[in-house]
Amino acid sequence: MEAQVDLNSIYAPSEDVVARDVHGEFIIIPMTSGIGDSDDAIFSLNEFGRAIWDKLDGKTSLKEVARALALQFEGDTTEIENDVLGLAEELLKRKMIIKA
Amino acid sequence: MQDSFVEPLKLLELPVWEKIKNERRLISFDLEITARCNNNCRHCYINLPAKDKRTKEKEMSLAQIKNIVEQAIELRALWCLITGGEPLLREDFFDIYLYLKKKGLLISVFTNATLITEEHIKFFKRYPPRDIEVTVYGVTEETYEKVTRNPGSCDAFMDGLELLLKNKVKVRLKAMALRSNVHELTAISQFCRQRTKDYFRFDPFLHLRFDADIKRNEEIKSERLLPKEIVTIEKNDPERFQALEKGCDGLINPDFAHFGCDHLFNCGTGNGSFTVSYDGFFRLCSSLWHPDCIYDLKKGMLAEAWHKFVPQVRGMRSKRDDFLKKCRVCPIINLCIWCPAHSYLETAELDNPVDYFCKVAHARSESLAPQFRPSIATQP
Ligand code: SF4
Ligand code: SF4
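Below, the structure is looked at part by part. Fair warning: this is a prediction, and the values are worked out from it, not measured in the lab. (Residues numbered from 1 in each chain as written. Chains lettered and ligands numbered in written order. Predicted model: local features only at pLDDT ≥ 70, side-chain atom pairs only at ≥ 80, totals over all residues. Heavy atoms only, no water.)

## Overview of the site of ligand 2
Residues and elements named next belong to chain B.
Step number 1: Close contacts around ligand 2 come from 10 residues, with Cys 327, Cys 330, Cys 336, Cys 358 and Ala 361 the closest.
Step number 2: Judged by the fraction of its atoms near the pocket grid, ligand 2 is located in the largest cavity.
Step number 3: Of the residues that constitute the shell around ligand 2, the class distribution is 8 nonpolar, 1 polar and 1 charged. (Near = heavy atom within 4 Å. 1 Å grid on protein atoms, 1.4 Å probe; cavity = no way out; pocket = protein on both sides within 12 Å on 5 of 7 lines; lining within 4 Å. Sits in = over half its atoms within 2 Å of the grid points. Nonpolar A, V, L, I, M, F, W, Y, C, P; charged D, E, K, R; others polar.)

In structure tokens form, the structure reads like this:
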């Protein structure tokens with residue numbers, strides 16, 4: 001089933017992954033099996049992805065995340081909302097975040 | 001809108017590998033969580049008896065291990081090898097492993113596989129290691145147990161390995177080539193290649209003991225193969241031989257020797273990794289046991305060891321003529337296992353050439369096709 005995300009939903013990092021900065025690279029490391037495509041994969045987030053990840057705190061809706069990022073990056077809100085939705089969808093599909 | 005925000009990467013694709021070419025950054029560390037082992041392999045440089053109470057008492061506690069791991073994470077380490085002795089002997093193995101996982105480390109485990117149970121399998125399936133590396137000492141009971149000197153160990157190994165493979169836990173296999181199993185090396189290689197797709201490697205270089213036990217060191221020496229035997233088995237293994245030639249091609253270059261320099265270390269030791277002994281001593285690499293090159297993590301901090309102690313050790317110099325005129329400028333050093341750490345294990349000094357290593361290196365050099373051979377060769 002396709003992961004469904006909407007701007008009013010709230011997400012938090014899954015306890016089955018660990019996100020870390022390793023010498024300037026922000027990576028997500030699966031702790032348990034079944035996350036990602038293979039057991040030895042690690043995942044990298046770019047600066048924008050990391051900014052979104054940092055705000056997925058189990059309290060803030062995606063809409064609020066997008067609004068905060070639009071201020072931070074001085075970008076177009078609709079475009080940023082789409083990016084936030086895109087990332088959340090991908091993270092949810094990979095079981096890296098859970099719905100709060 | 002971007003196509004993908006989450007980019008899956010293999011470990012070796014991380015940009016950090018580029019960064020460490022120019023500067024020291026911690027990537028990985030080895031945790032020797034015990035020196036004890038249920039086997040008693042003839043060639044083993046570390047093992048002490050499984051029931052050795054004094055050794056067990058000296059082992060780092062779970063709390064000490066957690067403390068070191070915490071500090072390694074602050075230094076941005078990414079990968080940890082859990083090794084021993086036999087790490088599965090520790091009753092708190094699962095706790096140690098899980099702690100490393102929770103800290104976001106990739107984990108490899110070295111084990112002889114004889115103690116693997118269904119419980120381990122369940123655990124590894126839930127929390128996958130990056131890999132489990134198992135050494136194959138023989139494929140018949142007679143040979144296997146001639147090496148391990150542990151009755152019943154061959155069956156236990158076969159059962160353990162079968163469990164890992166059947167359950168698709170990522171396993172790498174390797175072998176040590178020694179006097180007691182060399183007759184079975186081809187069979188060992190076939191056994192390994194039938195079971196894993198990974199490049200199977202064997203190691204003919206037997207290191208002497210960390211505790212300098214004289215009797216055990218004599219035993220290890222008696223297990224060493226002759227230089228020409230090493231060359232023969234390497235030549236019989238096309239994959240390995242090509243790798244040797246390829247490596248040699250890149251390694252024997254005119255800049256390598258740094259003529260005129262008196263530094264002891266010209267390898268990468270302590271540049272991207274370190275090792276912690278079972279009793280909490282920091283070392284630059286697993287073979288380096290010289291008292292001037294170890295740092296007690298029970299009394300000091302990892303950051304100090306990493307930032308201050310390592311450069312101090314790497315800056316050590318030698319005045320020994322023998323070393324400066326031979327190993328320090330040796331054009332075939334990359335075919336040789338000589339290094340200050342091995343020199344210390346063999347001769348109790350960091351800067352002595354080692355006759356056996358020298359002979360093996362020259363035999364290897366002569367076995368290479370002329371275009372891969374170094375132009376100048378020091379004499380053994
Ligand atoms: S199984 Fe490994 S640690 Fe144990 S004695 Fe053999 S070589 Fe040493
Ligand atoms: S081949 Fe001989 S001279 Fe060269 S590094 Fe090895 S021991 Fe030293």
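There's more to say after this.
## Re the sheet that holds strand β2 (residues 17-22) of chain A
Step number 1: With respect to topology, 4 strands assemble into an open sheet ordered β2(A)-β3(A)-β4(A)-β1(B), the strand pairing being antiparallel. Single-partner strands in this sheet number two, and they are β2 of chain A together with β1 (6-9) of chain B. Neighbouring strand axes in the sheet, compared pairwise and without regard to direction, differ in orientation by 30° on average.
Step number 2: Relative to β1(B), strand β4 (residues 42-45) of chain A runs antiparallel, the two sharing 4 bridges. Bridged to A:Ser44 within β1(B) is B:Glu7. (Pairing = 2+ DSSP bridges. Helix = DSSP H or I, 4+ residues; strand = E, 2+ residues; numbered from the N terminus. Axes fitted to C-alpha atoms, helices over the stretch in contact; angles between N-to-C directions.)

## Here we look at the interface of chain A and chain B
Step number 1: Between chain A and chain B, the residue contacts involve 33 residues of the former and 35 residues of the latter.
Step number 2: Buried surface at the junction of chain A and chain B, summed over both partners, amounts to about 2,800 Å²; 57% is from carbon and sulfur atoms.
Step number 3: Looking only at chain A, the three residues that lose the most surface to chain B are A:His23, A:Met31 and A:Ile42, adding up to 27% of its buried area.
Step number 4: Across the contact surface, chain A and chain B share 2 salt bridges.
Step number 5: Here A:Asp16 ties to B:Arg126 by a salt bridge, and the two come within 3.9 Å at their closest N and O atoms.
Step number 6: Taken together, the elements giving at least two residues each to the side of chain A that touches chain B come down to β2, β3 (25-30), β4 and α3 (77-93) of chain A.
Step number 7: By residue number, the principal contributor to the side of chain A that touches chain B is α3(A), which donates 6 residues.
Step number 8: Here the side of chain A that touches chain B is built from residues that sort into 14 nonpolar, 9 polar and 10 charged. (Contact = heavy atoms within 4.5 Å. Buried area = accessible area lost by both parts, 1.4 Å probe. Salt bridge = Lys/Arg side-chain N within 4 Å of Asp/Glu carboxyl O.)

## Some remarks on the pattern of salt bridges
Step number 1: Inspection of every chain in the model, using the stated rule, returns 30 salt bridges over all chains.
Step number 2: With a shortest N-O distance of 3.9 Å, B:Arg76 and A:Asp21 are connected by a salt bridge. With B:Arg76 in the loop between α3 (62-74) and β5 (79-83) and A:Asp21 in strand β2, this residue pair bridges two chains.
Step number 3: B:Arg76 sits in the partly exposed class, given a relative accessible area of 34%.
Step number 4: Of the residues examined, A:Asp21 reaches a relative accessible area of 22% and is grouped as partly exposed.
Step number 5: B:Glu133 serves as the salt-bridge partner of B:Arg201, at 2.6 Å between the closest nitrogen and oxygen. (Buried < 20%, exposed > 50% of the residue type's maximum accessible area, 1.4 Å probe, protein only.)

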